[in-house]
Amino acid sequence: MVKKLPKTDVVIVGVGWGGGIIASELTKQGLNVVGLEKGQERETEDYYMAHDELRYAVRYELMSDLSKETLTFRGNEKMRALPMRQYGSFLLGDGVGGAGVHWNGQTFRFLPYDFEIRTRTIERYGKDKIPADMTIQDWGITYDEIEPYYDKFEKMAGISGEENPLGGKRSNKYPTKPMLHSPQMKMFKQATESLNYHPYTIPSANLSENYTNPDGISRAACQYCAFCERFGCEYGAKADPVVTVIPIAKNTGKFDLRTHSWVRRVLHKDGKATGVLYTDVTTGEEIEQPADMVVLTSYVFNNVKLLLNSEIGRPYNPSTGRGVIGKNYAYQIIKGSATGFFEDKKFNNFAGAGSLGMVIDDFNGDNFDHSDVNFLHGGYLSLTQTGKRPIQSNPIPADSPTWGKEFKQNSMKYINKTLSIGAMGASLPFKQHYLDLDPMYKDAFGDPLIRMTYDFKDQDRELAKFTATKAKEILKEMGADRIDAMEELGPYEINTYQTTHNTGGVIMGGDPETSAVNNYSQMWDMDNLFVVGASSFPHNSGYNPTDTVGALAYRAAEGIVKYSKNGGQLA
Amino acid sequence: MAEDNHNEEEKLDKDSLSRRKFLRNSGFAVGGLAVGGVLGSVIPWGNEEKEQQQAANETKNFNQALMNFNQVEFQVVEAATERIFPEDDLGPGAKSLGVAFYIDHQLAGSYGFNARDYMNPPFFHGEKTQGYQGRLKRREIFRIGIREMQNYSHEKFEKGFTDLTAEEQDTVLTDFAEDNVNLTTISASGFFNLIRSMTLEGVYSDPLYGGNRNMEGWKMRDYPGDQMNYTKVIESEEFQQIEPRSLRDHM
């Protein structure tokens, strides 16, 4: 027996960055919003004991409980997909704030090239440069069109930074000054400058100074305590939906936030969404929440899962390339990195912040000539100082023992004598990489899990080798005595941590034939359904995705308000 | 000794007082909605006396008893982890850091029962890229793995693992790590990787979990543990030697 609740203007599924931004913008405009979040309430007070590497970083305190829901994975269609039984490659956020609680706060804009990647690639290199099965497409929005929304997100979050010398044009400076520079960062800066590259400080959502945002939210400066990634910030210095947009929505009195509410279906009739069906996980009760507009703002996999389980949109078919839901799943190519050993140095590697670091974009996007390389796009190269915590950071020379006396001595010796240059390689989509429903494995409520079909391609192998070579070059210039770099990328493995930058599956574009949503994140096939998040990225750039997720959420919010007045397709 | 402890305790109190003051001051808020910072209200006050009393009562570590292993299993784990992280000139090894107690306690709880892993059937043998696909829980893997290590030690050296020389123990561990041992129920290298990663956890996790005794694991590698701020450290050209702190200093 399903309990039916009174109708609301808007129901939001998942209350992280996307849901929080949309809730705050819509309630400010007078709309009544119900936010459904499958996880628990979260508050800054929860993090008083957060400096606990085992509990948070190793045992995944803030992540989704895989015993209830996971996804299945296979490298290609010939393999049997099997469930991701334990965490590895990426981490799924949980609770109010979602992944916006445990992120590092590195807040980059994508490049103008990204939004028009197909057009610009063909213009510069010709059509043949794009491999036949690579499905890159333009985003249906330009950098200039998305710029005001980046600006809005950065002001709300108080991003600390300095201008990217090779980035798109900015309408405003970053709202707060760059983070402090450590000696390690200064070494990177000096080395990359002498190599004629263009270093700049990583734009950071860990506040460099006390800041009050346009909504009147005040937050304290970062203390460089070195517990960001996988942790919640006990100072509220790291921008997080819980300390920024959600209080604004709550303050209007128009935001009804319900935790422990697991949405299972989007309900629809005659091509319009009518609400959602969810289960109260504390009681098991099934509840229908009718609404004029439905907004999906959960993580990439769950946005796709909800659409497929609700039979909305045209599922992607990898053999024909037709259909859109599940298409263009992409990831991030980050293994093309290197570690330098500095025998005569001793760095304060235990100190840091999630977004502390220096970066160059000389090999990102189309900032360099690709005529002589066998890949497209690129990635940033960075030196980050997020805090080397002891369980997970034990740098040793590549060919040395991994346990016993020599291991102990090496790991003690090198922990404060090593620096790594990382790469944030772009991940471009291929015809064979997609998300659909698993035919066998189910979640706690009996709904099919998402099945991921994905592996690295030549594009990724070439790109990773290229960035590893550049990382090596920079470490050499920095004076490293020994450098260990990635040599071969190998296959994609779901059991080794890489990054939580999963994208695609409900992609945006200018053409309903090849995309699922328009540039307001509005479904082409269902006017009153919006699907917001990195699921809308047609490819993943050589950057962390959150700034773009935030910008697209602000644009979606604007679209939803417009739609609430006039209806119809917005683009 | 008792006096030393007392002084240490006083020093700690002083430090944690100034830390509290610092926390209070950094709970910055002007105008609008105050959302940031650990709020003063969550910091318990006036506990200094209680802390001192607690310290005086801590004559035994009641935490050092077994929740999961039997005595023999415990000794095998203690010996194996000591080879993985041995005592040397740099400082204590796994045994005196309490790593085997740490592992025992972890296996008795949600981690040992794989409580937050997806353990639904059906189970199939997968590719390496697909990660762990077994049906056994970590506590079961340990029980089987320890028994197999004992069997292998007897087979190869005609003695139990704990009676082997350090070199012989290393041979057994290497054969497990490199899958030179034929096991049917579990993967030998999978078991080795589990015991290795749990050894590092026991050496370096907060002492609250039963390992890293007296923060000795941290001290050996100049890791300051749980500090509230490094604003003065970040720009320093010199390495900063900082006395470590643990989460207990937050109580």
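Cut-off values and rules
- Here the residue index of a chain counts from 1 through its sequence in written order.
- In the order they appear in the text, chains get letters beginning with A and ligands get numbers beginning with 1.
- It should be noted that, the model being predicted, local features are given only for residues of pLDDT at least 70 and side-chain atom pairs only at 80 or more, the latter also being counted only at that level, while totals for whole chains, interfaces and linings use all residues.
- Segments assigned H or I by DSSP are reported as helices when at least four residues long, segments assigned E as strands when at least two residues long, and all are numbered from the N terminus.
- Note that the radius of gyration is over C-alpha atoms, with the globule rule given as 2.2 Å times the number of residues to the power 0.38.
- With C-beta atoms placed from the backbone, a residue counts as buried when 20 or more other C-beta atoms lie within 10 Å of its own, as exposed when 12 or fewer do, and as partly exposed for counts between those limits.
- The domain boundaries here were taken from an automatic or database domain assignment.
- Whether two residues are in contact is decided by their C-beta atoms, placed from the backbone, lying within 7 Å.
- Only Asp, Glu, Lys and Arg are considered charged in this grouping, and only Ala, Val, Leu, Ile, Met, Phe, Trp, Tyr, Cys and Pro are considered nonpolar; every other residue, Gly among them, is considered polar.
- One bridge is not enough; two strands pair if DSSP finds at least two bridges between them.
- To define a nonpolar core, we join buried Ala, Val, Leu, Ile, Met, Phe, Trp, Tyr and Cys residues through C-beta atoms within 7 Å and take the resulting set.

Topic: the overall build of chain A
Then step 1. The helix and strand inventory of chain A stands at twelve helices and 23 strands.
Then step 2. Rg of the C-alpha trace for chain A: 23 Å, near the compact-globule value of 25 Å for 571 residues, within the 12% margin.
Then step 3. Principal-axis analysis of the C-alpha atoms places the extent of chain A at approximately 70 × 55 × 50 Å.
Then step 4. The buried share among the 571 residues of chain A stands at 62%.

Overview of the overall build of chain B
Then step 1. What chain B contains, in helices and strands, is nine helices and one strand.
Then step 2. Taken from the N to the C terminus, the helices and strands of chain B come in the order α-β-α-α-α-α-α-α-α-α.
Then step 3. By residue count, 37% of the 251 residues in chain B fall in the buried class.

Describing the domain arrangement of chain B
Put simply, an interface is often sized by how much accessible area is lost when its parts join up.
All names here are of chain B.
Then step 1. What the domain assignment reports for chain B is domain 1 (2-59 + 221-250) and domain 2 (71-216).
Then step 2. Residue-level contacts link five residues of domain 1 with four residues of domain 2.
Then step 3. Here the residues of the side of domain 1 that touches domain 2 sort into two nonpolar, two polar and one charged.

Brief notes about the environment of Tyr 441 of chain A
Then step 1. Note that Tyr 441 of chain A resides in strand 18 (residues 434-442).
Then step 2. On the basis of neighbour counts, which here come to 20 C-beta atoms within 10 Å, the residue Tyr 441 of chain A falls in the buried class.
Then step 3. Once the C-alpha coordinates of Tyr 441 of chain A and Leu 71 of chain A are considered, the two residues, 370 residues apart in sequence, prove to be 8.4 Å apart.
Then step 4. Excluding anything up to four places from it in sequence, Tyr 441 of chain A contacts Thr 72, Pro 83 and Leu 449 of chain A together with Asn 120 of chain B.

Comments concerning the interface of chain B and chain A
Then step 1. With 64 residues of chain B at the interface, the matching set in chain A holds 67 residues.
Then step 2. Of all elements in the fold, only strand 1 (33-34), helix 3 (71-84), helix 8 (188-204) and helix 9 (216-220) of chain B reach the threshold of two or more residues within the side of chain B that touches chain A.
Then step 3. Considering each element in turn, the side of chain B that touches chain A owes the most residues, four residues, to helix 8 of chain B.

Section: the sheet that holds strand 15 (residues 357-360) of chain A
All names here are of chain A.
Then step 1. Ordered in space as 6-15-16-17-14-20, the six strands form an open sheet in which the pairing is antiparallel. Of all the strands in the sheet, just strand 6 (200-201) and strand 20 (482-485) have a single pairing partner and so form its edges.
Then step 2. Judged from the two bridges that link them, strand 6 and strand 15 form a sheet pairing that is antiparallel. In the sheet register, Tyr 200 faces strand 15, and the bridge partner there is Val 359.

What about the nonpolar core?
Then step 1. Among the nonpolar cores identified, the biggest contains 221 residues, and Val 10, Ile 12, Ile 22, Ala 23, Val 295, Ala 553 and Ile 560 of chain A are the most heavily contacted of them.
Then step 2. No other element matches the nine residues that helix 12 (residues 546-566) of chain A contributes to this core.
Then step 3. The residues that make up this core include at least three from each of domain 1 (2-59 + 221-250) and domain 2 (71-216) of chain B.

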